[in-house]
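Commentary on secondary and tertiary structure
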Amino acid sequence: MSREFDLAASLARGMEDRSGAWSFIEGFAAHWAEPLQSGDGWPEEELVAAEERLGVRLPAALREAYRLFGRRRDLTGNHDVLLAPAALYVDDSGEALVFRDENQGAASWGILLDELTDDDPAVFVRPDLAVKSAERWEAWLEKLSLCFVEIVLSESVLADRKCCDFLYSEDDSIELLERHCARLHFPAYPIGEEGNGIRWFLGPDVLLRDDRGLAILARGRTVEDLDRLRELIPGEWLNA
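Residues numbered from 1 in each chain as written. Predicted model: local features only at pLDDT ≥ 70, side-chain atom pairs only at ≥ 80, totals over all residues. Heavy atoms only, no water.

1. Let's talk about the nonpolar core
Nonpolar side chains in soluble globular proteins tend to end up buried together. To be explicit about the condition: Take the buried residues of types Ala, Val, Leu, Ile, Met, Phe, Trp, Tyr and Cys, join any two whose side-chain atoms come within 4.5 Å, and each joined set is a nonpolar core. Only protein chains enter the calculation, and the probe is 1.4 Å; a residue is then buried if its accessible area is under 20% of its type maximum, exposed if over 50%, and partly exposed in between. Helix and strand definitions follow DSSP, with helices as H or I runs of at least four residues and strands as E runs of at least two, each counted in order from the N terminus. Contact definition: two residues touch when any of their heavy atoms are within 4.5 Å.
In this structure, Tyr66, Phe99 and Phe148 are the most contacted members of the largest nonpolar core, which totals 59 residues. Ranked by residue count, the leading element in this core is helix α6 (residues 144-157), at 9 residues. If we ignore the near neighbours within four places in the chain, the residues touching Phe148 are Trp22, Ile25, Ala61, Leu62, Ala65, Tyr66, Phe69, Leu82 and Phe99. Counting 14 residues, the second-largest nonpolar core is a separate cluster that includes Ile174, Leu177, Cys181 and Leu226.

2. As for the packing of helix α2 (residues 18-32) against α6
Selection rule: Structural elements are reduced to axes, namely lines fitted to C-alpha atoms, with helices fitted over the stretch in contact, and the angle between N-to-C directions of any two is expressed from 0 to 180 degrees. For classification, angles of less than 35 degrees are called roughly parallel, those exceeding 145 degrees roughly antiparallel, those between 65 and 115 degrees roughly perpendicular, and all remaining angles oblique. Handedness of a crossing follows from how the near helix is turned relative to the far one, being left-handed for an anticlockwise turn of less than a right angle and right-handed for a clockwise one. Classification convention: Asp, Glu, Lys, Arg as charged; Ala, Val, Leu, Ile, Met, Phe, Trp, Tyr, Cys, Pro as nonpolar; all other residues, Gly among them, as polar.
Packing of α2 against α6 leaves a shortest axis separation of 9 Å and a crossing angle of 15°. Here α2 is positioned roughly parallel relative to α6, judged by the angle of their axes. Note that α2 runs across α6; the crossing there is left-handed. Two secondary-structure elements touch here, α2 through Arg18, Ala21, Trp22, Phe24, Ile25 and Phe28 and α6 through Ser145, Phe148, Val149, Val152, Leu153 and Ser156. Grouping the amino acids of the contact of α2 with α6 by side-chain chemistry returns 9 nonpolar, 2 polar and 1 charged.

3. Quick word on the pairing of strand β3 (residues 96-101)
Rules: Pairs of strands are assigned from DSSP output, requiring at least two bridges between the strands.
Burial within β3 is extensive, with 6 of its 6 residues counted as buried. Here 2 bridges tie strand β1 (residues 81-82) to β3, and the two strands are oriented antiparallel to one another. Bridge pairing in β3 places Leu82 opposite Arg100. As judged from the 2 bridges shared by strand β2 (residues 89-90) and β3, these two strands associate in the antiparallel manner. Across the sheet, the residue bridging to Val90 is Leu97, located in β3. Examined bridge by bridge, β3 and strand β4 (residues 107-112) share 5 bridges and lie antiparallel to one another. Paired with Arg100 across the strands is Trp109, a residue of β4.

Next up, the structure:
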């Protein structure tokens, strides 16, 4: 792992409060991507315009994230889409403010309207189903700041880069993952699925996501780091 940035320790501190979450994202960007700069966030006037258009007050955590890194597509938009302030919308049911959409429209992430007054509200996800009457807002993560940490982690392993790869889990893949990599201090999610939720791991300079035992997504700091991980967890890696 990098001597300059202890990802595991920083992530653990990021679970404590919003400032810890933003510090983690700043450190992660600096050592796993590109450092955050002043132009990476949305200006205040864009957020105010969104509030006036929607007739709502944006939660403090949403404003802070957007001001800090909301325009960094490499951290927020390699796969799914973090909406620009001008694209924020209230869903058709009138229940939630949507701030993120799945890249093919299969799901949306939002904040319930009656929780917008909370500084760091819970986040819910709503799948796009063929039977619209069956759609429901389902609990995702208990804090918006945690959701932004998850967004940065997930979009990082889903980048179109040579140091990223994907493996459909085989019989012993998860066992090898747990043997060779350390479980990161981040709650399994969605909420309520702790025993079968998404989990995060860290190997030697490799970040990994276990998708409920079905697949493993990995990102190495370098191609060589990823190659070493493939040797530890052999299989039909997509980009090998």
